[in-house]
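Chain by chain, the residues:
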Protein chains: 2
Amino acid sequence: MKNFIFTLFLATIIFGCKSKNQEENQKNKKINEFAIIIHGGAGTILKKNMTPEKEKAYQEKLEEAVRKGYEILKNGGSSVDAVEQTIQVMEESPLFNAGKGAVFTHDGANELDASIMTGHDLNAGAVAGVKNVKSPIALARKIMTNSDHVLLSGKGASEFAKKEGLTLVDSSYFYTEKRFKSLQRAKEKMKLELDHDDKSAFYDSDIKDYKYGTVGCVALDKKGNITAGTSTGGMTNKRWNRIGDSPIIGSGTYANNETCGVSSTGWGEYFIRAQVAHDISALIAYKDLTLTEAAKEVIQKKLTKLGGTGGIIALDKYGNMVFEFNTAGMYRASMDDQGKLNVKIYKE
Amino acid sequence: MKNFIFTLFLATIIFGCKSKNQEENQKNKKINEFAIIIHGGAGTILKKNMTPEKEKAYQEKLEEAVRKGYEILKNGGSSVDAVEQTIQVMEESPLFNAGKGAVFTHDGANELDASIMTGHDLNAGAVAGVKNVKSPIALARKIMTNSDHVLLSGKGASEFAKKEGLTLVDSSYFYTEKRFKSLQRAKEKMKLELDHDDKSAFYDSDIKDYKYGTVGCVALDKKGNITAGTSTGGMTNKRWNRIGDSPIIGSGTYANNETCGVSSTGWGEYFIRAQVAHDISALIAYKDLTLTEAAKEVIQKKLTKLGGTGGIIALDKYGNMVFEFNTAGMYRASMDDQGKLNVKIYKE
């Protein structure tokens, strides 16, 4: 009997150790030497509301953007170059709520936010509420590399952009009829609500149903450096110089070579409260979760429990990539080191 | 022989389980039914530079502030009331770089930041770069409770404050001769530097040596709710509408009833990059560290390795309290549920 128990003990220990090692081997295996993943916003994106032309336009632009970064990485370029230039493709397209396609604030202006973080040195740069800079992601990078600050805002950020020689544009650059009409509709809806306070306006299902359209990119380069970046025009009809999660390091963007890189999109307030981007990294670092497990835990459990909607893209140091969202859709794409392209819009 | 090995196995397992349980018992013990901890900034605060009068003034104001919150908690009040009113005592004093004593920006203005977070619902409010609101912490609380936003900034935040009936003040309210002279000295020093770029100005040892003077408070009330808050005037001679860590949830302030509450003070950029406040919480939640271990790990190892200076106050769900800083001093105080007062300035 004792011998039987003893054998059982040994078997348990040996089996336990073996399965642990197998898991670790799987986790420690480099899947991709380099990789890139992007999003163009999450929200109630339903096939029934989409025309084939519109669907194609999104798919093509997502592919163009992800290929831009892929080529940089393939040629030995840095993840920070890949992230900046990939995001710029989306900033320059009116399809996404970032740069050119930014939504309008309550006052009819465009206030742009962006952030970038490099995982090898945990350096970061971010900008909030800038109105006349063509590429907010380029400004975020300049703040990271050419200032000792992380986050600059408003007019001060514009002055810094000018000093750094970045392209400034007139506010008309950001005007798109589609976004302006969105603002008018949001305001009309607000007037119609019985309860006139801001709460009801903000919870307006019409606004809530708008895809948020933030864009983001995470890349791993051949040197093993991870960079994450996010750029947005914020929320339609926003007021009081509201700042969302996109320029907030740890919420909208986070990168750490030891764990992963994350870019968020969705209802920013909840992403700040849930500390989405850093929490995914912390679960990998401290609880030994895989990237997939960590992303699921944060988006499907913690964020959802809090009432938040949206999603993330993330990429770990092994080159694993994950899309995770609790909305009907997320504009997204990825490419691995074999050049395998993955472009999607709706939930599977 | 087999019996011996078997006994050894059993002993190891039993002993292992017992010591683990003992640790857990120690950790799960409620130390204080309610508690409060505050800081008034960290930096190169040396006894040799301090007059007895100045030392006394700081000690008395710290005691006044912490007693304010203690009385609220003792009488069954909420931690959010305790944090707001305690911070207001420090905001109204010219001794600290918050509210009344805010430092000047490069342009000779005062730009105030604050944030607050409640641990039972992970709700949060924050304000950045507001110029005419007497109590930034009161505004942060209003943003948390009366808007659906987390972070408002600049003029928009002022409009929201006005709408909420908060006290607005003329910029002259924030004028203190001491802070204005600090700006002049910082600018003079900048001119004298051979290297005129912003980097050298920012790394100027004279500015670096200034205590930063952010104020903060974390409280646990009788219901077990933790609230953390932070308020600051930012960094002397700051430019470009720079936003530091104080209004950034997860960096300057974080609270979670399941783990702890944290308020930071120091070189904000490093606190953002190191995700100081949320990282302490994550180490408790996911790595099962004690509050003391988590605070040491983040401040003495991770932040210090990154090159950051400053400190934190933190308080966990058991009522354990910790001051942790890597500077020469930190203005700080705490009170436990027995009314035991602890006021300190220098490193022990």
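None of these values were measured; they are calculated from a predicted model. (Residues numbered from 1 in each chain as written. Chains lettered and ligands numbered in written order. Predicted model: local features only at pLDDT ≥ 70, side-chain atom pairs only at ≥ 80, totals over all residues. Heavy atoms only, no water.)

(A) Here's a closer look at the overall build of chain A. In terms of regular secondary structure, chain A is built from 11 helices and 13 strands. Classification of the 348 residues of chain A by burial places 60% in the buried group. Intrachain contacts of chain A at a sequence separation of at least 6 include 69% that bridge at least 24 residues. Of the roughly 13900 Å² of accessible surface on chain A, a fraction of 51% belongs to carbon and sulfur atoms. (Helix = DSSP H or I, 4+ residues; strand = E, 2+ residues; numbered from the N terminus. Buried < 20%, exposed > 50% of the residue type's maximum accessible area, 1.4 Å probe, protein only. Contact = heavy atoms within 4.5 Å. Areas by Shrake-Rupley, 256 points an atom, 1.4 Å probe, with all protein chains shown as cover.)

(B) Seen up close, the environment of B:A140. Residue and element names in this part refer to chain B. With respect to the element layout, A140 can be found in helix α4 (residues 136-146). Distance from A140 to I37, taken between C-alpha atoms, is 19 Å for residues 103 residues apart in sequence. If we ignore the near neighbours within four places in the chain, the residues touching A140 are A114, S115, I116, G125, A126 and V127.

(C) Quick look at the pattern of salt bridges. All names here are of chain A. Within the structure shown, the criterion is met by 22 salt bridges over all chains. With a shortest N-O distance of 2.7 Å, D81 and R141 are connected by a salt bridge. With D81 in helix α3 (residues 79-91) and R141 in helix α4 (residues 136-146), this pair connects stretches of sequence that are 60 residues apart. Residue D81 is classed as partly exposed on the basis of its relative accessible area, which comes to 26%. Between E84 and R141 there is a salt bridge, with the nearest N and O atoms lying 2.7 Å from each other. Of the two residues, E84 is situated in helix α3 and R141 in helix α4; the sequence distance between them amounts to 57 residues. Overall, E84 belongs to the buried group, its relative accessible area being 13%. Each of D81, E84 and R141 takes part in one network of salt bridges that share partners. (Salt bridge = Lys/Arg side-chain N within 4 Å of Asp/Glu carboxyl O.)

(D) How the structure looks around the confidence of the model for chain A. Residues and elements named next belong to chain A. Overall, the prediction assigns chain A a mean pLDDT of 86, with 84% of residues at 70 or greater. pLDDT under 50 marks residues 14-26. Its contacts with residues more than four places away, or in other chains, come to 2 contacts. pLDDT under 50 marks residues 192-211. Its contacts with residues more than four places away, or in other chains, come to 40 contacts. Two numbers describe this predicted complex: its pTM, 0.88, and its ipTM, 0.88. (pLDDT = per-residue confidence, 0-100.)

(E) Up close: the environment of A:H106. Residue and element names in this part refer to chain A. If you trace the backbone, H106 turns up in the loop between α3 and β2 (112-118). Note on H106: relative accessible area 18%, which makes it buried. In sequence terms H106 and M235 are 129 residues apart; their C-alpha atoms lie 9.5 Å from each other.

(F) Quick look at the sheet that holds strand β4 (residues 151-153) of chain B. Ordered by their spatial adjacency, 9 strands build an open sheet running β7(A)-β4(B)-β3(B)-β2(B)-β6(B)-β5(B)-β1(B)-β12(B)-β13(B), and the pairing between neighbours is mixed. Edge positions in the sheet fall to β7 (242-243) of chain A together with β13 (341-346) of chain B, since each of these pairs with one other strand and no more. The pairing of strand β2 (residues 112-118) of chain B with strand β3 (residues 123-130) of chain B spans 6 bridges and is classified as antiparallel. Within β3(B), the position partnered with B:T118 by the bridge is B:N123. This element, helix α3 (residues 79-91) of chain B, spans β1 (35-43), β2, β5 (215-220) and β6 (226-232) of chain B of the sheet and lies at about 155° to β5(B). Sheet strands in contact with α4(B) are β2, β3, β4 and β6 of chain B, and its direction is about 50° off that of β2(B). (Pairing = 2+ DSSP bridges. Axes fitted to C-alpha atoms, helices over the stretch in contact; angles between N-to-C directions.)

(G) The arrangement of the sheet that holds strand β10 (residues 310-316) of chain A in detail. All names here are of chain A. Spatially, β8-β9-β10-β11 is the arrangement adopted by the 4 strands of the open sheet, whose pairing is antiparallel. The sheet is open, and its two edges are formed by β8 (253-255) and β11 (321-325), each paired on a single side. Averaged over all pairs of adjacent strands, the angle between their axes in this sheet comes to 10°, without regard to strand direction. As paired elements, strand β9 (residues 260-266) and β10 share 7 bridges and run antiparallel to each other. Its bridge partner lying in β10, C260 is registered against D316. Helix α10 (residues 276-287) rests against β8, β9 and β10 of the sheet, and its axis sits at about 145° to β9. Against the sheet, helix α11 (residues 291-306) touches β9, β10 and β11, its axis set at about 10° to β11.

(H) Structural view of α3(A). Residue and element names in this part refer to chain A. With 13 residues, α3 extends 18 Å from end C-alpha to end C-alpha; this agrees with the ideal 18 Å at 1.5 Å per step. All of the buried residues along α3 are S79, V80, A82, V83, E84, T86, I87, Q88, V89, M90 and E91. Residues of α3 that are buried sit in contact with β1 (35-43), α2 (52-74), β2, α4, β5 (215-220) and β6 (226-232). (Expected span 1.5 Å × (residues − 1).)

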